[in-house]
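Working through the structure, step by step
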Amino acid sequence: MNVRILALLATLLPAVALSQTWTVRPIPAADEAVARVVMDDVSELVMEVTNTTAATTDTRLSEVSFVLPTGYQLLGGQPAEENPNWKIEYLDSTVRRITFQSTLGCVDDGRGLARNQSARFVLSVVGPSNRATDNATERLVSGTYARDQCDGTNYTYNIGSMTPWTRGILAANVTLSPRVLAVNGATVARVVVENRGTGSAADVTVDDPSSTSSVPLTTEDKDPSKTLAVQAAGIFEVALRPTAAGAVAARVRAHTSDSNAPLAESPVADVGDLVASADMDIVDAFPGDPVTLRLTVANTSTTNTYTQVRPRAPVLLGRATASLLAGPSPESVAQLAPGASAQFTWRYQVSGAPGARYQFQAQVDGTLNGSAVEGDLVTARKGRIVEHRVRLSQERVSTAATGVTVAYTVQNRGTLPIYEVKLLKPAVNYFAVAASGPQAFGDWSVSTDAAGYTWESESGIPVGGEATFRITYSGFTAVTADTAFRHRLELNQGYNDPRIRVEGTMTLLQETASPDVGRLTGVARDGSVTLTWDNPFNHGSTLVLRAEGTTPPDTVPTSGVRYAVGDALGNATVAYVDEFSSASSMTDTAVTNGTTYVYRVFNADDELRYGPGNQPTSQGLLVTPRARVTGNPLWCYSVGLETTLQPVTELGVGIFTSFNDSVVATLTNTANPAEDGAERFRPVKLSGKIGTRFPVVPLLGRPGQQWIVVGDMAGVPAVINSATGEFLWRNTTLGLGIINSFPVTQLLDYANPEYRTTFSNVDLAIFATRNTSTPNQVVALNAATGALIWRYQPGDLGMVSGGMLVDYTTNRLYVPTKSGVSTDTLRVLNSLTGAEVARLALGDLEFGVVRNATSNQILVTANDGRVHGVNPATYAIAWTVQVEGASQRTFTHFARPQGQGFVVSRTNDTVERYEVEDETHAPKLKWTTGIEKPSGTFTFNVNGVPRVYVGSADGKVHQLELENDGLDTGQVTVGPAGQVIGVPTIDHTVGRLHVGTEDGRICAFPVPF
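Summary of the structure given here. (Residues numbered from 1 in each chain as written. Predicted model: local features only at pLDDT ≥ 70, side-chain atom pairs only at ≥ 80, totals over all residues. Heavy atoms only, no water.)

**Brief notes about the nonpolar core**
Ranked by size, the top nonpolar core spans 33 residues in total, and within it Tyr408, Val410, Val421, Phe485 and Leu489 carry the most contacts. Counting only elements with at least two residues in this core, the list comes to β20 (233–242), β39 (388–392), β41 (404–412), β42 (418–424), β45 (452–461), β46 (466–476), β47 (483–492) and β48 (500–509). When residues in this core are grouped by element, the largest group, five residues, is from β46. Here Leu489 is in contact with Val390, Tyr408, Val410, Val421, Lys422, Leu423, Ile500, Arg501 and Val502, once residues within four sequence places are set aside. Listed in part, the 29 residues of the second largest apolar core include Ile282, Val333, Phe344 and Val350. (Core = buried A, V, L, I, M, F, W, Y, C linked by side-chain atoms within 4.5 Å. Buried < 20%, exposed > 50% of the residue type's maximum accessible area, 1.4 Å probe, protein only. Helix = DSSP H or I, 4+ residues; strand = E, 2+ residues; numbered from the N terminus. Contact = heavy atoms within 4.5 Å.)

What follows is the structure in structure tokens.
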């Protein structure tokens, strides 16, 4: 039969003669046996339509119309994402009908559904709340039809025979905390169940959660059943333990004896070593809104350090479009130490038709021991393009609060005004409404019924406008952990228009603080202060307070309260605030040169609960920006804890030093003042306090690289990459005790033939201990691996506090010690084997041993006021100088070689120079200059004029003329009078002096003064 005859028959025969068949069935959610909706709650009802026409025809089903049962609200709908070539043709909320049509024309290929083809449609519905139990026989009602809108063919189906869905009384949602954890770590599923039915209370139980992936979730503990009154909520905690690595969500069922809530699924959690979680700040966006995606990455390993941690470009899911505005920020993280975390953010502009979904998947890559590591793919929660939404003035509140007025701001971007707004009662057992209740305003009147609070207006909320509705809560029920509750509103545009449901969340807070930021540092420059910190894993926003003067900010921010830049808080001003940001630094230009400020930085979590702001201490971070003029520092780097150890200079590049348990590094940038003094890497934490400066050296087989050789008071030696701050190794197995002396190295590249015969490919790193009870020792380690080469532990070795000395010419190691165990306080060892070569009784030796390159003698500084010159060939005392007026603790630092003599800083507030003047070769006093509590010294020769630089307790660094009787010819002020200034060091290639202070700053000055 040809096409023309078919067309003629279609015209002449009655439509019923060509009647075709179709089916419609509700589709259950994942792991569900039946489709479920919740009473008096917005539910998505997915309908699958199938063209079941006979094989003898080729008509197509291109229009389908659904009618919901009486009592249902039809809010809207959309075709499922897998079948986009459909549209809403008709929607009538009063008769509860929605009609979809194929968007392809009658002559287009692929129009509608051919025989045995199916399509799905998502209906947004609110089921009536008129039952105390579930109703398992819910079906579409008469008037539901399917047809071909092109030729008028009708498709018949007996609605009464369709698979029903279930309308239930329980709604549930679930969260996991934490969402990143190690294998076999502990997490808690927190399930909030609401009774949306009518009549009596319900006894509710929560089943053991199931896993959505191959990661098993073992239930270890679970709350018992609870009785929930109508409109009340119950909180159930389930302790879980994932026993394998991977991304996973928890599905949880809440039920009564005869009612089941829809399965609730948690946000995705990630289990393993390098793990991540993804979040978005806005899940109800207007077209064109910016949204922020945040990927939080954590290293849950206790031993591994990941490097080159970098996020992949996120993948967009859904029908909405997203244009990248910025990100990722930062682009990468150099390293992620054990227990550390990092955050990456992207900013997108989202657009699309109302109801279009947007969701992002994200993933991170890293490097572990030179090999690529791939993180799991994690998914953020779903967002939708909307025309209406609500914003709460208090999105989180302490349960200790009373009399809190909450403002609900309804925003209208739809096509019609909104004349009625109803706040459906939130969980009545957690939110107690005050007697004053909802408040009328303007021409909005307010009324109350059993379901909620209704505002009505003749003028309404215009298109593009917004209105704020307020209600006062008298109090809140306590929770054992932070819990988010839904606050739902119903909006009415007119009698014949579909109702609109919007919702926000209010989180009731348990009274605990957020964690502090980590590793807070600052750089004060000309007209600016830059702060840098590490965000903890539980991070949502940052608030920075700035107080003028030396008194730290005295008032902490109130949890749940948003602040703006410029707000006053106690004696301080808000200098910076962000939210849902990965930012970990800020530059404050609202400062005045010459004025001292103290900053405190407060981390807040996503619930806007602030931490104590006690990093690096409760005293905050002190800074003083200054103009780059003569006498002022070029910059000062602040860490908040004492930094008086002498910095180590990498000429023309930067400096290294330490405070407390951390190694720090700053850069020298003579070309760009805005970058001068910037961090080379974030402070590197060791196992314990660092008691001395350290060497920075090249290592064998690593050309162009410098390495920090450092030990700490926990007895852990380590080597750190000076460019990145990464550990080359840490040896925690030696059991050394306390390391408090300057480590030394013996490097193959500079060694003599004897060394090269013994060690063909090894550099040595040598450490000594300062223990009070455990026997002291000296160990030599392979500088590249940390492996033990030799150990010297004779049993009578005193505490080693001062720096050791390696004599490369003779392969000898000089070790100064305190007496007590033995009077032989200077030990000379074979640096290749650790064998003892000589020992001398020179009294308590707490300062470093140094070599005078001019005289080729070893200078030993004793506590009793004597300085000895030791012959390195015979180990005999070549001379001894007893300084005038000597007493115990005569010196503040070791004698620094100068010419054939030395310069010493003394506890009697003087700096003295001793020099050889006659054939006895014993140095004699040449000059004395008064300096208050002088630090150690450093010399600098400019154009043949040698000078000595020394810190003082008067808050200054003094410049003394070495050849002009120690004349004090210049000073720079580093801190206030009375503050101890540390030992300076000088970068002679750029003419800069660097020095640390008692109040936690390291400053750079041009020299000479």
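**Overview of the side chain of Asn782**
The residue Asn782 is located in strand β68 (residues 778–782) in this model. Judged by relative accessible area, Asn782 falls into the buried class, the value being 14%. Among residues more than four places away in sequence, those in contact with Asn782 are Trp729, Val762, Asp763, Ala787 and Ile789.

**Some thoughts on empty space enclosed by the protein**
Left-over empty space is what a probe sized like a water molecule reveals as it rolls over the atoms. The final tally for this structure, using the stated rule, is three cavities of 30 Å³ or more. In terms of lining, the largest cavity is formed by Asn173, Val192, Glu194, Ala233, Pro426, Ala427, Ala484, Phe485 and Arg486. Looking at the lining of the largest cavity, the elements with two or more residues in it are β15 (187–195) and β47. By residue number, the principal contributor to the lining of the largest cavity is β47, which donates three residues. The class makeup of the residues in the lining of the largest cavity is six nonpolar, one polar and two charged. (1 Å grid on protein atoms, 1.4 Å probe; cavity = no way out; pocket = protein on both sides within 12 Å on 5 of 7 lines; lining within 4 Å. Points joined across faces, edges and corners; volume = space filled by probe spheres on them. Nonpolar A, V, L, I, M, F, W, Y, C, P; charged D, E, K, R; others polar.)

**Quick look at the sheet that holds strand β71 (residues 812–816)**
The strand order β70-β71-β72-β73 describes an open sheet built from four strands, whose pairing is antiparallel. This sheet does not close on itself; its edge strands, each paired only once, are β70 (805–807) and β73 (836–840). Put simply, the sheet's adjacent strands are angled 20° from each other on average, direction ignored. Relative to β73, strand β72 (residues 826–830) is paired through four bridges, and the arrangement is antiparallel. If you follow Val828 over to β73, its bridge partner there is Ala838. (Pairing = 2+ DSSP bridges. Axes fitted to C-alpha atoms, helices over the stretch in contact; angles between N-to-C directions.)

**Regarding the pattern of salt bridges**
Using the criterion set out here, one finds 58 salt bridges in the structure. Between Asp31 and Arg251 there is a salt bridge, and its shortest N-O distance comes to 2.7 Å. With a gap of 220 residues between them, Asp31 in the loop between β1 (20–26) and β2 (36–38) and Arg251 in strand β22 (residues 250–252) connect regions that are remote in the sequence. Notably, a salt bridge pairs Glu265 with Arg251, separated by 2.6 Å at the nearest N-O pair. With a gap of 14 residues between them, Glu265 in strand β24 (residues 264–265) and Arg251 in strand β22 connect regions that are remote in the sequence. Judged by its relative accessible area of 43%, Glu265 falls in the partly exposed class. (Salt bridge = Lys/Arg side-chain N within 4 Å of Asp/Glu carboxyl O.)

**A short note on the pairing of β68**
Where burial is concerned, most of β68 is hidden: five out of the five residues are buried. In this sheet, β68 lies alongside strand β67 (residues 764–768) in antiparallel orientation, the contact comprising five bridges. By the bridge assignment, Ala768 is partnered in β68 with Val778. Where β68 folds back onto strand β69 (residues 788–792) in an antiparallel hairpin, the turn is made up of five residues, including Gly786, whose phi is positive at roughly 85°.

**A word on the sheet that holds β22**
Spatial strand order, β17-β22-β24: three strands in an open sheet with antiparallel pairing. The open sheet has two free edges, formed respectively by β17 (210–211) and β24, since each of these has just one partner strand. Here two bridges tie β17 to β22, and the two strands are oriented antiparallel to one another. Opposite Ser211, over in β22, you have Ala250 as the bridge partner.

**A few points about the environment of Val42**
Looking at the secondary structure, you find Val42 in strand β3 (residues 42–51). Residues Val42 and Gln73, spaced 31 residues apart in sequence, show a C-alpha to C-alpha distance of 9.1 Å. Not counting chain neighbours up to four residues away, the residues in contact with Val42 comprise Leu75, Ser124, Val125, Val126 and Arg501.

**Some thoughts on the packing of aromatic side chains**
Inspection of the entire model under this criterion finds 22 aromatic pairs. Between the aromatic rings of Phe431 and Phe476, the centroid separation amounts to 5.8 Å while the plane-to-plane angle is 85°, which identifies the pairing as edge-to-face. Linking Phe431 in strand β43 (residues 431–439) with Phe476 in strand β46, this pair joins segments that are 45 residues apart in sequence. Comparing Phe431 with Phe476 shows no difference in burial state: the two are buried. Taken together, a centroid distance of 5.4 Å and an interplanar angle of 70° make the contact between Phe441 and Phe469 edge-to-face. In this pair, Phe441 is assigned in the loop between β43 and β44 (445–448) and Phe469 in strand β46, connecting sequence segments 28 residues apart. Assessed through its relative accessible area of 0%, Phe469 is described here as buried. (Phe/Tyr/Trp six-rings, centres within 6.5 Å; stacked < 30°, edge-to-face > 60°.)

**A short note on the environment of Asp824**
Tracing the backbone through its elements, the reader meets Asp824 in the loop between β71 and β72. Linking Asp824 and Gly798, residues 26 residues apart in sequence, is a C-alpha distance of 8.7 Å. Once residues within four sequence positions are removed from consideration, Asp824 is found in contact with Thr817, Arg839, Leu840 and Ala841. Side chain to side chain, Asp824 and Arg839 meet in a polar contact 3.2 Å long. (Polar contact = N/O pair within 3.5 Å; in protein donor to acceptor, adjacent residues only side chain to side chain.)

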